[in-house]
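Each chain, letter by letter, is given below.
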Amino acid sequence: MCHAMLLQTVAAVPGMVGGMLLHCKSLRKFEHSGGWIKALLEEAENERMHLMTFIELARPQWYERALVFAVQGVFFNAYFLAYLASPKLAHRIVGYLEEEAVNSYTEFLKDLENGSFENAPAPAIAIDYWRMPPDSTLRDVVVVIRADEAHHRDINHYASVRIELKHTHTHTHKLTVLFVCLNIFN
């Protein structure tokens, strides 16, 4: 549970940072973002709800909350600088972090199935947020969170490719990158 909580603390940062920086860029350049600001902020909110769910389940102690605060502070600043330097790289990094989250939640599901963790009832916050049936369990929650993480992985890899396409001017290269992108998502 502590691992999931720390993972979600970090995962909630990139969408907020990217959304904030794109918002400022949109204001400076007087142009639309094509929906990316909203998408990134929704990703940040979704990750925050993952964290709130695991806080309900884990009931962290004061020192665990302090660790979350420290990890988030360091990661926020590092990611902010990375996004300023290269949004393409920042999105690619998040895509790989989200892939690791998918793997971690797959392992968590295996632990639930083999009895390493009790398959407790889902917390009310999760039932409300994901509109789950009232008799949902922790396993059900982990399944929807893993699906969210897979979606975030795909969106961030796509954003990285989209930035590459935007900065590329040759038609042949665009087709090659598009072909690679389509193979990633299939």
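Structural notes, computed from the coordinates.

Here is what the cut-offs are and how they apply
Along each chain, residues carry numbers from 1 onward, in the same order as the chain's sequence is written. With the structure being a predicted model, the display of local features is reserved for residues of pLDDT at least 70 and the display and counting of side-chain atom pairs for 80 or more, all residues being used for whole-chain, interface and lining totals. Hydrogen atoms and water are omitted, and side-chain values are computed over all heavy atoms in the structure. For the purposes of this entry, the term helix denotes a DSSP run of H or I that reaches at least four residues, the term strand denotes a run of E that reaches at least two, and both are numbered from the N terminus. Note on classification: 1.4 Å probe, protein chains only; a residue is buried when its accessible area is under 20% of the maximum for its type, exposed when over 50%, partly exposed between these limits. In this description, contact between two residues means that some pair of their heavy atoms is separated by no more than 4.5 Å. Computed with a 1.4 Å probe, the accessible areas rest on the Shrake-Rupley method; for each residue, only the protein chains presented here act as cover. Aromatic pairing here means that ring centres of Phe, Tyr or Trp (its six-membered ring) are within 6.5 Å. Orientation follows from the plane angle: under 30 degrees is stacked, over 60 is edge-to-face, and everything else is tilted. Counted as positive: Lys and Arg. Counted as negative: Asp and Glu. His and the chain ends are not counted at all. Any Lys or Arg side-chain nitrogen located within 4 Å of an Asp or Glu carboxyl oxygen qualifies as a salt bridge. Among the buried residues, those of types Ala, Val, Leu, Ile, Met, Phe, Trp, Tyr and Cys that are joined through side-chain atoms within 4.5 Å form a nonpolar core.

Looking only at helices and strands, the protein chain has seven helices and zero strands in total. Shown N-terminal to C-terminal, the secondary structure of the protein chain runs as helices and strands in the order α-α-α-α-α-α-α. Buried positions account for 40% of the 186 residues belonging to the protein chain. Here the analysis covers contacts within the protein chain between residues at least 6 apart in sequence; of these, 72% occur between residues at least 24 apart. In the form shown here, the protein chain has an accessible surface area of approximately 10700 Å², with 63% of it arising from carbon and sulfur atoms.

Let us now look at the packing of aromatic side chains. Taken as a whole and judged by the stated rule, the model has nine aromatic pairs. Aromatic pair W36 and Y158: ring centres 6.0 Å apart, planes at 20°, arrangement stacked. Remark: Y158 occurs in helix α6 (residues 138-166) and W36 occurs in helix α2 (residues 36-58); sequence separation between them is 122 residues. For W36, a relative accessible area of 11% translates into the label buried. The class of Y158 is partly exposed, set by a relative accessible area of 38%. A connected cluster of aromatic rings, assembled from ring pairs, spans F54, Y105, F108 and F117.

So, on to the side chain of D148. Along the chain, D148 turns up in helix α6. Look at D148: it is buried, it has no salt bridge, and the nearest opposite charge is R146 at 11 Å.

Now for the nonpolar core. Core analysis: the biggest nonpolar cluster contains 16 residues, and F54, Y105, F108, L112, V141, V142 and I145 have the highest contact counts within it. Broken down by secondary-structure element, the contributors of at least two residues to this core are α4 (87-113), α5 (124-129) and α6. A total of five residues in this core trace back to one element, the largest contributor, which is α4. Core analysis: the next-biggest nonpolar cluster, separate from the first, contains 10 residues, V10, V17, L21 and Y83 among them.

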